[in-house]
Amino acid sequence: MPPILTYDGIKVTFGVLATVGLYSVLYRENKFYRFFEHLFLGLAAGWTLLTIWVENLKGPWWDLMVGVAPEKAGDPGGNGNWAYIILLPVGLMGYMVFSKKHNWMSRIPIGLILGLWSGQQIQIWYNTYGKQIAGTAQPIWPTTWSSLTVPNYDTLQLSPEALAAARSQVYLSQAITNFLFLMTVVCVLSYFLFSFDAKSKLVRSASGLGRYLLMIGFGAIFGSTVLMRFTLLIDRMYFIWIEWFNNVILNRS
Amino acid sequence: MEGNKTFGDVLQSLPKQVLYIILIVFTSVPLFFPVKVPNQPLESSIDLYANLMSVKPGETVLLASDWTNSTRGESLGQFNSVMRILMRRGVNAVIYSTGDPQAPRVAQDAIAKLNVERIAAKQPEYKRWENFVSVGFFSNGEATVNGMATSVRSSFNGKKDFAPGRGLTDVFESPILKGREKVADFPLLIVITGSKTSNITVERLSGKVPIAFAVTGVMGPETGNFYQSQQIVGFASGLKGLYDLEGLMEDGVNNPDKSGNVVVKSSKYGPIPGFPGEKNDGQGKRYYPTLHFAVGLLILAVIIGNVGMFLSRSGGRK
Amino acid sequence: MNLILQSKVVNFWAQPFNSQWLWTGVIGGLLFGILIFLGLMFMPAQFRRPVVAFSTFIGGAYWVLLYIFPAPIDMQKTELATGPVESVGKFLTDANPVVVSVSGTVTAFMLGLGIFSLLSIHLKRITRRQKDWAFSVVLLAALASMAFFGYADYISRQGPDGTKLDLQANWGFVNYGRDLLFDGLLQQMDAAMFSVIAFYILSAAYRAFRVRSVEATILLSTALLVMLSLMGAVAFVWNDAVRNMANGNDFLMNFQLTEIAGWIRRTFETSSLRGIAFGVGIGALAMGLRIWLSLERTGGGA
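Residues numbered from 1 in each chain as written. Chains lettered and ligands numbered in written order. Predicted model: local features only at pLDDT ≥ 70, side-chain atom pairs only at ≥ 80, totals over all residues.

J.: Describe unusual backbone geometry, listing the residues and the values that go with them.
T.: Residues and elements named next belong to chain B. Of note, the phi angle at W129 is positive, near 80°, even though the residue is not glycine. For W129, the location among the structural elements is in the loop between α5 (103-120) and β3 (132-137). For Q230, which is not glycine, the phi dihedral falls at a positive 60°. Within the secondary structure, Q230 sits in the loop between α9 (220-228) and β8 (234-237). (Helix = DSSP H or I, 4+ residues; strand = E, 2+ residues; numbered from the N terminus.)

If you want it as structure tokens, here you go:
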């Protein structure tokens, strides 16, 4: 049977049609694109609806509320904690956002979720930034002048103890690097924090330098984003040309 | 002459549809001519590989699979590489998702395809319940991961997976989760993501369990921040990270090949074997050479645009 | 610990599966919840803000208390707490699964808001025959199909032989339906939507990425360096040329592309992103405190 008539062939063909349909927007907005756009939204919404029940309400709420059926005759099964039912009216309060008169009630479950989030911010702050502050405060003065740059450990034939000792030293190049690292963090932070007019010339200079150093970070993000998006496009081209055209239409693997 | 376009203006006014067609050609044609590209893996990728290989067979790791087909180009390959390593080393996995409701299904479909590959290579199947459990999707990822910091059991409370012969059963009855209550009971937590769930994990669990990431390229620079402060033990970023992983799976680290050459050297580790003779390559090998052409086109487009701008300016001044 | 929402032994709050008392409790609790719902609807306006502030505060208070209150060390599940400090610490730790369950459940209900909104907009469009109503039919049909096949596939895997459906050879009609809709259509369209941006990036780079200022030059140079350094072929050619010129000189070996790019990445890129992260973190902390204590002037009125 030719691959195009097998289930896998039909499935890939549908996928290619949908992909080309969505790509047609690159030429201009058209009904073909709108059809697939709505199809996509509908499928995504349908899957979300399914997972809301299957993943998030059935196990963690419904089964805990009504209990679990016994696996075998004679087994007691799991007890149900009926008080979980109170979460239903609390959750449904969120739907009052559509009511003109009572939409304030939607702020109750939203407030609960926001409260949970904000409590976590206080809890996680040190866990997130504590180590980064320590990682920023690295030595800015060399501990050895035996070499200006870090030796190439891969080519040195050192015992593990000697290697560990060499690694623990701070060479001049490392000290300069650490200083530049610290300076960059301080300047970028001063750019963010001192958004009001600072009187001190030092602060103004640091903020100005921070602006330029920020561009390095943004350039890195832009470069990485470009690579990622191109990779996704290459994946789609592979899907169309190799998985469908080559394997299904031309029947070559 | 006024009203006439200068050469600089012409250079800057290529129609966008022409650009799109050129991009399609540049990202399609090289796919038909795969070549091996020389590569030096990044230190972060070597650390990720070393940590994956250090997990003992029979142990269970936590795996946050927070990607879907929207980032298939990078994430599927990363997932496949990580899962191949775990499968070959006999390491079990508890798979959960906090980023997207589609993610659990996508992960299970990927594992099913890897199992087809293993069966074809006469290797044992990576079985649900005995080798991995899928805990499912958590809509409030932040609260769930925060709960894991106190107790994994409490975060996965009420979650079920399919046990052979029993249907849906509490995941903590699975042999790979029995007796594991806290996050510290797991030797490693791996996050494969196309979104910020990696940040959410580090914020709440760093210091409690070794964490490793496989992230998309756009998250790479941010993730480097966590790596520098040693909040994570290693990471692979984007297609380059994936290509690194595939190469490391082939060559190992400090591992001499048949002719005695060591392809990947690192003074941080002793010899770490690869998996020569097995299927190690995938999307990395297929897409990485083509990416060179796409990036080259982008650089050319930027140069042409800027040359056009300079020529227009100097033409205008005359 | 026999907390209200996690008691394992039968008591007032926990009843056996499918028992009369369990359903009495569920219905009674639901009626109580409806009463509270109606009570809130008719609540005087001046009480609205305190009610919202209270729900926000309670949500945040748990995690803050869990963080700052001393937790009992190495306490066994069956061990009883001694003293008020240990009791409170054990209560907070034991309440963790309940809090995670509650937050997940409430969030799940709120996720349904998006679906509800989508349904109401498109149903209105169909019933009133507004512009492009046919596409709304497509959307709702796709939604219903995916929900049907997805749920049917889920149900088909419930039984003891559910794991056999991991192999395609054992699939039935509903399993094929789910796979075609999810993997064949949804996943491919998801990927296509994300990849379309690549075209816009190229077009934008060609038209708008101009070296007009110092900032733009720095941004462009860094982007080019990052992209080139991650291209293995380019790095190989550059590094090879440097190795040939260096001839074993360790200092000159630092001019390999991977070394230069790695140094810029470690020294400037990571540090500038860390500065941004610190700024964002301080802002998030301040915002978190303001939200938790309801200092944000969102108000409680309609």
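After that view of the structure, there is still more to cover.
J.: How would you summarise the interface of chain B and chain C if you had to cite specific residues and measurements?
T.: With 54 residues of chain B at the contact, the number on the chain C side is 51 residues. For the side of chain B that touches chain C, the elements supplying multiple residues, two or more each, are α2 (16-28), α5, α6 (141-150), α7 (152-155), β5 (167-170), α9, α10 (238-251) and α11 (283-317) of chain B. For the side of chain B that touches chain C, the leading source of residues is α11(B), giving 10 residues. Residue composition of the side of chain B that touches chain C, by class: 21 nonpolar, 25 polar and 8 charged. (Contact = placed C-beta atoms within 7 Å. Nonpolar A, V, L, I, M, F, W, Y, C, P; charged D, E, K, R; others polar.)

J.: Lay out the interface of chain A and chain C with the relevant residues and their values.
T.: Contacts between the two partners involve 115 residues from chain A, matched on the other side by 123 residues from chain C. Elements with a minimum of two residues in the side of chain A that touches chain C: α1 (7-23), α2 (31-66), β1 (80-81), α3 (87-92), α4 (107-136), α6 (172-193) and α7 (201-249) of chain A. It is α2(A) that provides the largest number of residues to the side of chain A that touches chain C, a total of 25 residues. When its residues are assigned to classes, the side of chain A that touches chain C shows 72 nonpolar, 35 polar and 8 charged. The pairing of β1(A) with strand β1 (residues 14-15) of chain C spans 2 bridges and is antiparallel. Among the inter-strand pairings, N81(A) is bridged to a residue of β1(C), identified as A14(C). (Pairing = 2+ DSSP bridges.)

J.: Account for the sheet that holds strand β1 (residues 60-66) of chain B, naming residues and giving values.
T.: The strands making up a sheet associate through backbone hydrogen bonding, with each pair oriented either parallel or antiparallel. Residues and elements named next belong to chain B. Ordered by their spatial adjacency, 6 strands build an open sheet running β3-β2-β1-β6-β7-β8, and the pairing between neighbours is parallel. Two strands close off the open sheet at either side, each with one partner strand: β3 and β8. Between one strand axis and the next, the sheet turns through 15° on average, direction left out of account. In this structure, strand β6 (residues 189-193) lies alongside strand β7 (residues 211-215), joined through 5 bridges in parallel fashion. In the strand pairing of β7, T193 is matched with V215. Here helix α4 (residues 72-89) sits on the sheet and contacts β1, β2 (92-97), β6, β7 and β8; the angle it forms with β6, its principal contact strand, is near 155°. (Axes fitted to C-alpha atoms, helices over the stretch in contact; angles between N-to-C directions.)

J.: Explain the environment of S294(C) to me, using residue names and the numbers behind them.
T.: Residue and element names in this part refer to chain C. Relative to the helices and strands, S294 is located in the segment after α9 (257-292). Along the chain, S294 and P50 lie 244 residues apart, while their C-alpha atoms are 9.2 Å from each other. When sequence neighbours within four positions are dropped, the list of residues in contact with S294 reads A53, T56 and F57.

J.: Lay out the environment of V248(A) with the relevant residues and their values.
T.: Positionally, V248(A) belongs in helix α7. Considering only alpha carbons, one finds V248(A) and F32(A), 216 residues apart in sequence, at a separation of 24 Å.

J.: How would you sum up the domain arrangement of chain C? Please name residues and give values.
T.: Often, the extent of an interface is quoted as the loss of accessible area upon association of its parts. Split into domains, chain C comes out as domain 1 (155-208) and domain 2 (214-292). For domain 1 of chain C and domain 2 of chain C, the distance between their C-alpha centres works out to 35 Å. (Domains from an automatic or database assignment.)

J.: Give a description of the packing of α2(A) against helix α4 (residues 96-127) of chain C that names residues and reports values.
T.: Here α2(A) crosses α4(C) at 155°, and the two axes come no closer than 10 Å. What the angle tells us is that α2(A) and α4(C) run roughly antiparallel. Where α2(A) crosses over α4(C), the handedness of that crossing is left-handed. Residue-level contacts link A45(A), T48(A), L49(A), I52(A), N56(A), L57(A), P60(A), W61(A) and L64(A) of α2(A) to S101(C), G104(C), T105(C), A108(C), L111(C), G112(C), I115(C) and L118(C) of α4(C). Residue composition of the contact of α2(A) with α4(C), grouped by class: 11 nonpolar, 6 polar and no charged. (Parallel < 35°, antiparallel > 145°, perpendicular 65-115°, else oblique. Left-handed = near helix turned anticlockwise from the far one by under 90°.)

J.: Explain the domain arrangement of chain B residue by residue, including any values.
T.: Domain parsing of chain B yields domain 1 (6-35 + 286-318) and domain 2 (38-281). On a C-alpha basis, the centres of domain 1 of chain B and domain 2 of chain B stand 38 Å from each other.

J.: For the nonpolar core, give the residues involved together with the corresponding values.
T.: Nonpolar side chains tend toward joint burial in soluble globular proteins. Ranked by size, the top nonpolar core spans 213 residues in total, and within it L43(A), V61(B) and L189(B) carry the most contacts. If sequence neighbours within four positions are ignored, V61(B) has contacts with V55(B), L86(B), V91(B), A93(B), F186(B), P187(B), L188(B), L189(B) and I190(B). (Core = buried A, V, L, I, M, F, W, Y, C linked by C-beta atoms within 7 Å. Buried ≥ 20, exposed ≤ 12 C-beta atoms within 10 Å, placed from the backbone.)

J.: Could you give me a rundown of α4(B), with the residues and numbers involved?
T.: Residue and element names in this part refer to chain B. The first and last C-alpha atoms of α4 sit 25 Å apart over 18 residues, in line with the 26 Å expected at 1.5 Å per residue. Of all 18 residues in α4, 16 are buried; the element is thus mostly enclosed. G90 sits one or two positions beyond α4 and adopts a positive phi of about 70°. (Expected span 1.5 Å × (residues − 1).)

J.: Lay out the confidence of the model for chain C in plain terms, naming residues and giving numbers.
T.: Mean pLDDT over chain C stands at 88; residues scoring 70 or higher make up 96%. For this predicted complex, the interface confidence comes out at an ipTM of 0.90, alongside a pTM of 0.89. (pLDDT = per-residue confidence, 0-100.)

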